[in-house]
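Observations on the three-dimensional arrangement
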Amino acid sequence: MKNELQEILNKLDDIKYGFVSIDKNIYQDDSKDWDKNFSKLYRLQSPEELIKNKYGVCWDQVELERYYLTQNNIEAKSYFIIAYAKMQEPTHTFIVVKSDKYYWLEHSWELYRGIHEYETLKELLFDVKLKFEKNIEEQNIKNYELAIYEYSIPKNNLNCIEFMKHCEKGLKINI
């Protein structure tokens, strides 16, 4: 299973972190205009659009991972983690495959890129939560409330708020 998952993850090698705006401009991760433009210009890409454009945030990349997993008849579940804070609400999405073990496939979060193996889903989600909290602390975000949701396949072309609301309609996980 792990080799099969690695082959799928390798298909994302040419995808870079960024987003394609509604007016088809590419905003790379280090763009100075990212913060002011993401919430108003972002639209969720279809897997085919992401393959063509080569730029996507975790939200887009998870859907491409799901697309490849489905093509290989591998079931997966997607998760959305968010830190509700006053000034900003950092998020991350990731995909999980259950076989003999639980596997977290990660491409967009470069620090943790790869396949991570766990005995239980609870162990996996707790590890992602700890890593996410560490990232939040490094951004000096204080007084936040963390939530994790298991969410269903979203429609393409959702804007930032629509995507977040879609995820929040999913199953809230207590970790």
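Shown above is the structure to which this text applies.
All figures in this text were calculated on a predicted structure; none of them were measured in a lab.

Basis of the calculations
- Residues numbered from 1 in each chain as written.
- Predicted model: local features only at pLDDT ≥ 70, side-chain atom pairs only at ≥ 80, totals over all residues.
- Heavy atoms only, no water.
- Helix = DSSP H or I, 4+ residues; strand = E, 2+ residues; numbered from the N terminus.
- Expected span 1.5 Å × (residues − 1).
- Buried < 20%, exposed > 50% of the residue type's maximum accessible area, 1.4 Å probe, protein only.
- Phe/Tyr/Trp six-rings, centres within 6.5 Å; stacked < 30°, edge-to-face > 60°.
- Contact = heavy atoms within 4.5 Å.
- Polar contact = N/O pair within 3.5 Å; in protein donor to acceptor, adjacent residues only side chain to side chain.

Attention now moves to helix α4 (residues 58-71). A rise of 1.5 Å per residue sets the reference length of α4, with its 14 residues, at 20 Å; its end C-alpha atoms lie 20 Å apart and thus fit the reference within 8%. Along α4, 11 of the 14 residues are buried, which leaves the element largely enclosed by surrounding structure. Looking one or two places after α4, you find N73, whose phi comes out positive at around 55°.

This part covers the packing of aromatic side chains. This model, assessed by the stated rule, comprises 16 aromatic pairs. Ring plane angle 20° and centroid distance 5.5 Å describe the contact between Y79 and F94, whose orientation is recorded as stacked. A residue pair is termed long-range when its members are at least 10 positions apart, and Y79 in strand β3 (residues 76-84) and F94 in strand β4 (residues 91-98) qualify at 15 residues. With relative accessibility at 1%, the residue Y79 sits in the buried group. Each ring, one from F80 and one from F163, has its centre 6.3 Å from the other, and the planes form 75°; the classification is edge-to-face. Taken together, the residues span a long stretch of sequence, with F80 in strand β3 and F163 in helix α6 (residues 160-168) at a distance of 83 residues. By relative accessible area, F80 is classed as buried at 0%. Residue F163 is classed as buried on the basis of its relative accessible area, which comes to 0%. Of the aromatic side chains, those joined through ring pairs into one cluster are F19, Y27, F38, Y42, W59, F80, Y149, Y151 and F163.

Time to look at the environment of Q28. Along the chain, Q28 falls in strand β2 (residues 26-28). Overall, the relative accessible area of 38% leaves Q28 in the partly exposed class. In this structure the C-alpha to C-alpha distance between Q28 and Y55, which are 27 residues apart in sequence, comes to 7.7 Å. Dropping the residues within four chain positions of it, Q28 is found in contact with Y17, G18, W34 and Y55. Within the structure, the side chain of Q28 is placed 3.2 Å from the side chain of Y55, a separation counted as a polar contact.

Shape is all these values report; function is a separate question.
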